[in-house]
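# Breakdown of the fold
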Amino acid sequence: MGNTNGYLPLFETKSSGRPFLIKLYVLTIFVAICMIWVYRVRYLPVEGVLERWAWIGMFFAELWFSIYWFITHLVRWNPICRYTFKDRLSQRFEKDLPGVDIFVCTADAEMEPPIMVINTVLSMMAYDYPPEKLSVYLSDDGVSELTFYAMLEASRFSKYWLPFCKQFNVEPRSPEAYFHSEPLDDHVNDKEWLFIKKLYGDMRNRIEVTSKQGQVSEDIRKEHKGFSEWDFVSSRHDHQTIVQILIDGRDPLAMDSEAQRLPTLVYLSREKRPQYPHNFKAGAMNALIRVSSRISNGPIIMNVDCDMYSNNSNSIRDALCFFMDEEKGHEIGYIQFPQSMKNVTKNDLYGNSLKVIFKMEFPGIDANGGPMYIGTGCFHRRVNLCERKHCNEHEADWKRESDMKIEGNARDVEEECKALASCAYEENTQWGKEVGLMYGYLMEDGMTGFSIRCRGWRSVYFDPERKAFLGLAPTTLLQTLVQQERWSKGELQILLSRRGPFFDGYKSLPLRLLLSYCVYFLWAANCFPTLYYVVVPSLCMLRGISLFPKASSPWFQAFAYAILADRAYGLVEFLWCDGTFQGWWNDQRIWMFKRTTSYLVGFCDTILTMLGFTNPAFVVTAKVSSADCCKRYEQEIMEFGVPSPLFDILATLALLNMFCLIGGIRMVMSDVENKVSDVLASQIVLSGLIVLINLPVYQGLFFRKDSGSIPNPVTLKSLIASLLACSIALL
């Protein structure tokens, strides 16, 4: 539609840039950083090979930190906020709203319990949106009969849950979340509330009993034809395509308890064979794109992880305010919502809330050109996932697309869809290359989003006042570090790929946006300067080698100001993002942990993979933990529990700094006349801060006796490695 004199936009963008005094404050930190560079160059040691090389290493580490600091503040310099006008959307397009296909992905019924999966599915079905234009698809890469049974139960329960949600305007619309967190609302009828709660409780009980048994009983198998498909399943890695339309939204008999239409609900488990690569989540998403094109073919696609339920029933309408805006909507390829977590502790023990990233960095990246696709909570145009490049003349005909009908009865459509989700379908095609989500990348979502941007589409970040989605954060340190390792590997792989910013990106995207993405592309590379700062100053302190200016020197003030001012700014920023002081301190701890372990392993593994020595693997983050583990998590006690190379590195660095700190303090106390404290003050403080931040590690090594402590083999290996490093430093 063209612009008119009476045109009112469906969304607006406002600058929420930093106040002038804040920008001035940041510039003073930059001046201090420049003075540090001058000091490093001017006072390069002339004598001593070890001293000179240690000094040069410090210079390059600080140079890296400075460049990364500059890029980070460039991203956050002038953030923007977006606001939608859903009332205008309804006035103009209520009868012409497009079909929306929602994809929910699961891969393991043990790590992602069926009851959690169907709560996400039910919340998606209950959106405030015309049900005849809404289709929900579940991709089950674990081909679990238990998950299918849970979906069958959800399809029955939805007949009561959906009218209840709409009648009483329920939020959130995940039944588990609603009944767990919300008391009986004043406007909700007591009998209705108790009736629905009992229905849900009975369904939950049936699903959990069946899940504990590990198989579906013969009586249940007789309830639906779909269970017969599992008679031909050899294993989760060797089976045929299973497509079951549990609710056919086109069927006039598909009604809820109030005689209103129900959304379409589809279960899909794509074919897998040992001789064919299945391409992890990207393969599942591409199968969903093809299958949905035959069943509903909605022009808008939204995907979420199976643990991320809808927390805002208006999210679809929010997204459509961007897509359907007559003036700017045709430019937008996808809308990314933040990834918010519901189970984060008060002080965010593992730093999983990503508060600053989603409240400060993503609005800044949006201002610089648009966010990357993070794999969940994202609305796409179907066309941008199906190869079409953006052109200024392209505008969606929403009325025509809303009137499109898909023909065929459910049984015939299911049979046709089996071929679309078969292993052989993608052979000798552009799927995974130019069409759909891209294959061969650990962060297939990030690479796909980057490719969409390079094809000319814009992206938008939208963070509504009420969170659109709520998911589950890792509840152990190892889960957190492994997740960070996977993310860092994926981002580095994009950076170094032939379709990344160095090869394709610079031709299509502005430099400012590419630098914004580098905040994440360079995650893994941060491991080396951080490791250098954690290890080398402490070891040099044992030999009496000073790597910083004396405490009495004017140059010391530059270091002190740059570090303290930057950390103070970070603290204020964290508190502004609704964090706590203890939460900020925990965030600093995890910042160091992931840089010295996850990013190091991620960097090395990425290089080895690119050289052909290892193969990439997608690790599903567990969504369940033991009762003892959950209890410690709620008490904010750090969980170790199992041996891991990541813990070997973590414990070794913690013990190394503890031994070096003890050695440094002994030197100061035994040589007061030579004012060693003045010379080594900075290194003693640095080592002391590292020891302080590692207190939970020492507790896990020596003081805790519960199952969440650090295992004895890890303790032994880290003691030997740290003592050996200190001994070599003293030679």
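Residues numbered from 1 in each chain as written. Predicted model: local features only at pLDDT ≥ 70, side-chain atom pairs only at ≥ 80, totals over all residues. Heavy atoms only, no water.

Looking now at the packing of aromatic side chains. Scanning all chains against the criterion turns up 47 aromatic pairs. Ring plane angle 75 degrees and centroid distance 5.1 Å describe the contact between Phe-148 and Tyr-267, whose orientation is recorded as edge-to-face. Of this pair, Phe-148 sits in helix H5 (residues 145–168) while Tyr-267 sits in strand E6 (residues 264–269), and the two are 119 residues apart along the sequence. With respect to class, Phe-148 is no different from Tyr-267; both count as buried. Ring geometry for Tyr-160 against Phe-195: centres 6.0 Å apart, planes inclined by 80 degrees, an arrangement best described as edge-to-face. Note that Tyr-160 is positioned in helix H5 and Phe-195 in helix H7 (residues 190–213), a separation of 35 residues in sequence. Assessed through its relative accessible area of 36%, Tyr-160 is described here as partly exposed. Feature note: the residues Tyr-39, Tyr-43, Trp-55, Phe-65, Tyr-533, Phe-548, Trp-555 and Phe-559 constitute an aromatic cluster, connected by ring pairs. Positioned above the aromatic ring of Phe-85, the side-chain terminus of Arg-88 is 3.9 Å from the ring centre. (Phe/Tyr/Trp six-rings, centres within 6.5 Å; stacked < 30°, edge-to-face > 60°. Helix = DSSP H or I, 4+ residues; strand = E, 2+ residues; numbered from the N terminus. Buried < 20%, exposed > 50% of the residue type's maximum accessible area, 1.4 Å probe, protein only. Lys NZ or Arg CZ within 6 Å of the ring centre and 35° of its normal.)

Moving on, we come to the UniProt feature "binding site: UDP-alpha-D-glucose" (unreviewed entry) in the protein chain. The feature "binding site: UDP-alpha-D-glucose" (unreviewed entry), as annotated in UniProt, sits at Glu-112 and Asp-141 in this numbering. Maximum C-alpha separation among the annotated residues is 11.4 Å over a sequence range of 30 residues, consistent with a single clustered spot. By the element assignment, Glu-112 lies in the loop between strand E3 (100–106) and helix H4 (114–125). Looking at Glu-112, the relative accessible area reads 5%, which means it is buried. Here Thr-106 takes part through its side chain, which lies 2.7 Å from a polar atom of the side chain of Glu-112. Residue Asp-141 is classed as buried on the basis of its relative accessible area, which comes to 8%. Setting aside anything within four residues of it in sequence, one finds Asp-141 in contact with Thr-106, Ala-107, Arg-236, Arg-270, Lys-272, Phe-280 and Ala-284. A distance of 2.8 Å separates the side chain of Asp-141 from the side chain of Arg-270, its partner in a polar contact. (UniProt positions renumbered as here; feature names shortened; annotations may be inferred. Polar contact = N/O pair within 3.5 Å; in protein donor to acceptor, adjacent residues only side chain to side chain. Contact = heavy atoms within 4.5 Å.)

Packing of helix H22 (residues 645–670) against helix H23 (residues 676–693) brings their axes to within 9 Å, and their N-to-C directions diverge by 155 degrees. If you check the angle between H22 and H23, you find them roughly antiparallel. Like other packed secondary-structure pairs, H22 and H23 cross with a definite hand, here left-handed. Contact residues: H22 offers Asn-657, Met-658, Cys-660, Leu-661, Gly-664, Met-667 and Val-668, while H23 offers Val-676, Ser-677, Leu-680, Ile-684, Ser-687, Gly-688, Ile-690 and Val-691. A per-class count over the contact of H22 with H23 returns ten nonpolar, five polar and no charged. (Axes fitted to C-alpha atoms, helices over the stretch in contact; angles between N-to-C directions. Parallel < 35°, antiparallel > 145°, perpendicular 65-115°, else oblique. Left-handed = near helix turned anticlockwise from the far one by under 90°. Nonpolar A, V, L, I, M, F, W, Y, C, P; charged D, E, K, R; others polar.)

If you check UniProt for "active site" (unreviewed entry), the listed places come out as Asp-141 and Asp-445 in our numbering. As for its position among the elements, Asp-141 is in the loop between strand E4 (134–140) and H5. By relative accessible area, which is 8% here, Asp-445 ends up buried.

So, about the sheet that holds strand E10 (residues 340–341). Spatial ordering of the open sheet is given by E8-E13-E10, a layout of three strands whose pairing is mixed. Of all strands in the sheet, those bounded by a partner on one side alone are strand E8 (309–310) and E10. Direction of pairing for E8 relative to strand E13 (residues 469–471): antiparallel, over a ladder of two bridges. Paired with Tyr-309 across the two strands is Leu-470, which belongs to E13. (Pairing = 2+ DSSP bridges.)

The next point concerns the sheet that holds strand E9 (residues 332–336). If you walk across this open sheet you meet the eight strands as E5-E6-E4-E3-E7-E11-E9-E12, and the pairing is mixed. Only two strands of the sheet have a single partner each, and these edge strands are strand E5 (242–247) and strand E12 (458–461). Averaged over all adjacent pairs, the angle separating strand axes in this sheet is 20 degrees, with direction ignored. Where strand E7 (residues 300–305) and strand E11 (residues 378–381) come together, four bridges link them in antiparallel fashion. Bridge pairing in E11 places Ile-300 opposite Arg-381. Lying over the sheet, H5 contacts E3, E4, E5 and E6, oriented at roughly 15 degrees with respect to E5.

All right, on to unusual backbone geometry then. For the bond running from Glu-171 to Pro-172, omega is -10 degrees, close enough to zero to count as cis. One can find Pro-172 in the loop between H5 and helix H6 (175–181). One non-glycine residue, Asp-348, adopts positive backbone phi at about 50 degrees. Within the secondary structure layout, Asp-348 lies in the loop between E10 and helix H11 (355–368). Residues other than glycine seldom take positive phi values, yet Leu-354 does so here, at roughly 50 degrees. With respect to the element layout, Leu-354 can be found in the loop between E10 and H11.

Right, let's get into the packing of helix H2 (residues 49–76) against helix H17 (residues 511–521). Contact pair H2 / H17: the axes reach a minimum separation of 9 Å and the direction vectors enclose 115 degrees. The two elements H2 and H17 meet at a crossing, and its hand is left-handed. Packed against H2, whose contacting residues are Tyr-68, Ile-71, Thr-72, Leu-74 and Val-75, the element H17 presents Arg-512, Leu-515, Ser-516, Cys-518 and Val-519 at the interface. Here the residues of the contact of H2 with H17 are counted per class, giving seven nonpolar, two polar and one charged.

The next thing to look at is the pattern of salt bridges. Opposite charge on two side chains allows them to pair when their charged atoms are near. All told, the structure shown has 39 salt bridges when counted by the stated rule. Close ionic contact of Asp-101 with Arg-382 constitutes a salt bridge, the shortest N to O distance being 2.6 Å. Taken together, the residues span a long stretch of sequence, with Asp-101 in strand E3 and Arg-382 in the loop between E11 and helix H12 (398–402) at a distance of 281 residues. Arg-382 shares its class with Asp-101; the two are buried. For Arg-632, the salt bridge identified is with Glu-639, shortest N-O distance 2.6 Å. (Salt bridge = Lys/Arg side-chain N within 4 Å of Asp/Glu carboxyl O.)

What follows is about the nonpolar core. Formed by 104 residues in total, the largest nonpolar core has its most connected members in Leu-477, Leu-547 and Phe-593. A total of ten residues in this core trace back to one element, the largest contributor, which is H22. Apart from the residues lying within four places of it in its own chain, the contact partners of Phe-593 are Leu-477, Leu-481, Ser-598, Met-638, Leu-650, Ile-693, Asn-694 and Val-697. (Core = buried A, V, L, I, M, F, W, Y, C linked by side-chain atoms within 4.5 Å.)

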